[in-house]
Amino acid sequence: MQYDHILIRYGELGLKGKNIKQFIVQLQKNIQEALKEFPSTRVTRSQGRMFVVLNGQDPEPIIEKCKTIFGIYSLSLAIKVNNEIETIKAGALAALKQSEYAHTFKVSVRRANKAFPIGSQEMNRVLGAHLLKKTSDFTVNVHEPDVEIKVEIREKATYITSTVIRAAGGLPVGTGGKTLLLLSGGIDSPVAGYLIMKRGVELEMIHFHSPPFTSERAKQKVLDLTKVLTEYGGSIKIHLVPFTKLQQEIFKSIPERYAMTVMRRVMLQVSEKVCQKNNILAIATGESLGQVASQTLASMNVINEVTNLPVIRPLVGLDKEEIISYSKEIGTYDISVKPYEDCCTIFVPKSPVTNPTREKVNYLESNTDFSTFIDEAVENIEEITIRNSTILEESFDDLL
Ligand code: ATP
Ligand code: MG
C-alpha cells in the first residue's frame, strides 16, 4: 500500500466567515492550475479539506509545487482506504513503514463518522497494538513521537497520514483584488510582490526603462523576475514604460538634488493612470524606511502627494538582511543581483535631498509641464503577459 493522496489543510480560511466559499473555490482553482504539468492528478474537496489524488504520480515534485501555493497551510501524504478495520490496520502499517528515520510513533484516531462501530480511544489501542506486533524497530511515545500516524475515519473513507509538511500559508491569490507593483531590477521590489501575493492579491507590474541608456538585458531581467513570481500566483501582466524623455526632461528642468524626488512623483503619476485603465485599486513599491535618500519619511510624504491611491510598502518594517533572505528563499535573488543598469541608477543624482518639502518640490515643478510627457509615456507602454514559464502575448510593437 502506497501513499495515494496529498491532504491539504488551509488554516486561515476557516476564519473568513461569509467569504469562505469563494476562498475555497479559488484555492482549488489555483491548485489545479499549478498542477497542470501533472495531468493525471485530480484535486477534490470534502468537509473542510482538500485532496490531491495522485493517480500513481510521484508525490515529491507535487508536494514541492503545493508548498508554494498561498492559502495552503500544511500538507501530508495520505493513504485512502475503505472503512474496514483490517484495511485501516494495513494502511496504518504502510504509513509507518514509509516513515523514514522514525523510531517512535503515536497513533491518533479521529472518528468523524459516528456510524463507525469502534470509538477513537479503542481504535488508538487496536492500531497501536497492531503496529507494534507487525514491526520490530518501533516503540510508542505518546508525548514526543518521531512520527504521528493520524487516522481520520470519514463518511465514505478513512485517510491515514503521517508527517505534516508546512506550506506557504497566506490567502489564495485572486481573492484580494489587484495591485500594481513598481518593479525595478533590484532585490526589494520582487520580495514586496511576493508578500502582497501572500495576502491573496493579484499583481500587475510596472517597470520604467530608458532605452538606449538601459539595455535589453535589463528589460529581460525584469521579465525573468516576473516569471519567478508567477510561480506563486498565475499569470502577471507587465507594463513597460518608456521613460527616457521624461527623465531627460526632469534632469533638464529640476535641480539635481531634487531630480530623484520628482522622478518618483512622476513614476507614481504614470502608475496611477495605468491603475485607472486597468481597474487596479492600489500601488505597491519595494521601499523600506531609511535605506536610501528617497526612502525617508520626508521623501515618502512628498512623493505620495501626487496620488490618492493607497501606496502599499510591505517591506517597510524589514531589515535589508531579512529582505535578502526572503529573496533567496523565493528564488529572485540570483536574478536581482545581476549587474544590469536600471533607469534610476543611470540618471542618479550625486547627493539627492533627504528632507524635501512639498512646497519646495511643487515650486520647482511649476516651471515645467510634465503632463504631456506623462501622457505620451502612458500611450507608449508595452504590455507583456507572463504565465508561469511562457510569454503569452506581446504588444503590437514587437509584432510589427
Ligand atoms: P529595489 O531593490 O526594489 O530596486 P531599492 O532599495 O533599490 O529597491 P530604490 O531604487 O530607491 O530602492 O527604489 C525604490 C522602489 O521604487 C523600488 O523598490 C521599486 O518599487 C521602485 N522602482 C525603482 N526603480 C524602478 C523602475 N525602474 N521601475 C519601476 N519601479 C521602480
Ligand atoms: Mg533599486
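Residues numbered from 1 in each chain as written. Chains lettered and ligands numbered in written order. Predicted model: local features only at pLDDT ≥ 70, side-chain atom pairs only at ≥ 80, totals over all residues. Heavy atoms only, no water.

A.B. asks: Just checking my understanding: could you explain helix H1 (residues 20-34) for this structure?
C.D. replies: Because an α-helix completes one turn every 3.6 residues, residues spaced three or four positions apart along the sequence face the same direction. Between the first and last C-alpha of H1 there are 21 Å, a value that for 15 residues agrees with the 21 Å anticipated at 1.5 Å per step. Buried residues along H1 sit against strand S1 (5-9), strand S2 (42-46), strand S3 (49-53) and helix H2 (59-66). (Helix = DSSP H or I, 4+ residues; strand = E, 2+ residues; numbered from the N terminus. Expected span 1.5 Å × (residues − 1). Contact = heavy atoms within 4.5 Å.)

A.B. asks: Hey, could you run me through the packing of aromatic side chains in this one?
C.D. replies: Two numbers describe a pair of aromatic rings. These are the distance of the centres and the angle of the planes. Here the structure, examined in full by the defined rule, presents seven aromatic pairs. Judged by centre distance (5.0 Å) and plane angle (90 degrees), the ring pair of Tyr194 and Tyr232 falls under edge-to-face. Note that Tyr194 is positioned in helix H5 (residues 188-198) and Tyr232 in helix H6 (residues 216-233), a separation of 38 residues in sequence. Assigned by exposure class, Tyr194 and Tyr232 land together as buried. Between the NZ or CZ atom of Lys328 and the centre of the ring of Tyr333, over which it lies, the distance is 4.8 Å. (Phe/Tyr/Trp six-rings, centres within 6.5 Å; stacked < 30°, edge-to-face > 60°. Buried < 20%, exposed > 50% of the residue type's maximum accessible area, 1.4 Å probe, protein only. Lys NZ or Arg CZ within 6 Å of the ring centre and 35° of its normal.)

A.B. asks: Would you take a moment to explain the domain arrangement of the chain for this structure?
C.D. replies: In many reports, interface size means the accessible area that the parts give up when they come together. When the domains of the chain are assigned, the result is domain 1 (5-166) and domain 2 (178-399). Distance from the C-alpha centre of domain 1 to the C-alpha centre of domain 2: 43 Å. Across the contact, six residues belong to domain 1 and seven residues belong to domain 2. Both sides of the domain 1 and domain 2 interface together cover about 620 Å² of buried area, and 45% of this is carbon and sulfur. Summed over the three residues of domain 1 that lose the most area to domain 2, namely Glu33, Thr68 and Phe70, the buried surface amounts to 73% of that side. Counting across the interface, domain 1 meets domain 2 through two salt bridges. Its salt-bridge partner being Glu231, residue Lys65 comes within 2.9 Å of it at the nearest N-O pair. Seen at the junction of domain 1 and domain 2, the total is two residue pairs in polar contact (both at pLDDT 80 or more). Here the side of domain 1 that touches domain 2 is composed, by residue class, of one nonpolar, one polar and four charged. (Domains from an automatic or database assignment. Buried area = accessible area lost by both parts, 1.4 Å probe. Salt bridge = Lys/Arg side-chain N within 4 Å of Asp/Glu carboxyl O. Polar contact = N/O pair within 3.5 Å; in protein donor to acceptor, adjacent residues only side chain to side chain. Nonpolar A, V, L, I, M, F, W, Y, C, P; charged D, E, K, R; others polar.)

A.B. asks: Teacher, can you tell me more about the side chain of His239 here?
C.D. replies: Tracing the chain through its elements places His239 in strand S12 (residues 236-242). On the basis of relative accessibility, which here comes to 1%, the residue His239 falls in the buried class. For His239, the side chain forms a polar contact with the side chain of Glu204, separated by 2.7 Å. Apart from the residues within four sequence positions on either side, His239 is in contact with Leu180, Glu204, Met205, Ile206, His207, Val274, Asn278, Ile381, Glu382 and Glu383.

A.B. asks: It is not clear to me how the packing of helix H7 (residues 244-253) against helix H14 (residues 371-379) should be interpreted in this structure. Could you clarify?
C.D. replies: Geometry of a packed helix pair, given as the angle between the helix axes and the separation of the axes. Where H7 meets H14, the axes come as close as 9 Å, and the angle between the chain directions of the two elements is 160 degrees. The pairing of H7 with H14 is recorded here as roughly antiparallel in orientation. As for how H7 packs across H14, the hand of that crossing is left-handed. Packed against H7, whose contacting residues are Lys245, Leu246 and Glu249, the element H14 presents Phe373, Ile374, Glu376 and Ala377 at the interface. Taken together, the residues of the contact of H7 with H14 sort by class into four nonpolar, no polar and three charged. (Axes fitted to C-alpha atoms, helices over the stretch in contact; angles between N-to-C directions. Parallel < 35°, antiparallel > 145°, perpendicular 65-115°, else oblique. Left-handed = near helix turned anticlockwise from the far one by under 90°.)

A.B. asks: Hey, could you run me through the side chain of Ser99 in this one?
C.D. replies: Relative to the elements of secondary structure, Ser99 occurs in the loop between helix H3 (85-97) and strand S5 (104-111). Its relative accessible area of 9% is what places Ser99 among the buried residues. Excluding residues that lie within four positions of it along the chain, Ser99 makes contacts with Val147, Ile149 and Ser162.

A.B. asks: Just to check I follow, could you spell out the pairing of strand S4 (residues 74-81) for this structure?
C.D. replies: Across the eight residues of S4, seven count as buried, placing the element largely inside the fold. Relative to S4, S1 is paired through five bridges, and the arrangement is antiparallel. Bridge assignment links Ile8 to a residue of S4, and that residue is Leu75. (Pairing = 2+ DSSP bridges.)

A.B. asks: What exactly am I supposed to notice about the pairing of strand S11 (residues 202-209) here?
C.D. replies: By the criterion of burial, S11 is predominantly enclosed, with seven of the eight residues buried. In this region the chain leaves strand S10 (residues 178-182), passes through H5 and returns to the parallel neighbour S11; the handedness of that crossover is right-handed. Bridge analysis of S11 against S12 gives six bridges, and the strand direction is parallel. Its bridge partner lying in S12, Phe208 is registered against Val241. (Right-handed = clockwise from strand over helix to strand, strands pointing away.)

A.B. asks: How should the packing of H3 against helix H4 (residues 120-134) be read in this particular structure?
C.D. replies: For the pair H3 and H4, interaxial distance at closest approach is 10 Å and the crossing angle is 55 degrees. In terms of their interaxial angle, H3 and H4 are classed as oblique. Taken as a pair, H3 and H4 cross one another with a handedness that is right-handed. Of the residues in H4, those touching H3 at Ile85, Ile88, Lys89, Ala92, Leu93, Leu96 and Lys97 are Met123, Val126, Leu127, His130, Leu131 and Lys134.

A.B. asks: How should the environment of Pro310 be read in this particular structure?
C.D. replies: For Pro310, the position within the fold is in the loop between helix H9 (297-304) and strand S14 (311-312). Here Pro310 falls in the partly exposed class, since its relative accessible area comes to 44%. Expressed as a C-alpha distance, the spacing of Pro310 and Arg42, which sit 268 residues apart in the sequence, is 39 Å. Among all residues touching Pro310, those that are not within four sequence positions of it are Leu281, Ala282 and Ile283.

A.B. asks: Help me understand the nonpolar core, please; the structure alone is not making it clear to me.
C.D. replies: Across soluble globular proteins, nonpolar side chains have a tendency to be buried as a group. Formed by 44 residues in total, the largest nonpolar core has its most connected members in Ile6, Ile31, Ile72 and Val151. At six residues, the largest contribution of residues to this core is made by H3. Apart from the residues lying within four places of it in its own chain, the contact partners of Ile6 are Met50, Phe51, Val52, Leu54, Pro59, Ile62, Ile63, Leu75, Ser76 and Leu77. (Core = buried A, V, L, I, M, F, W, Y, C linked by side-chain atoms within 4.5 Å.)

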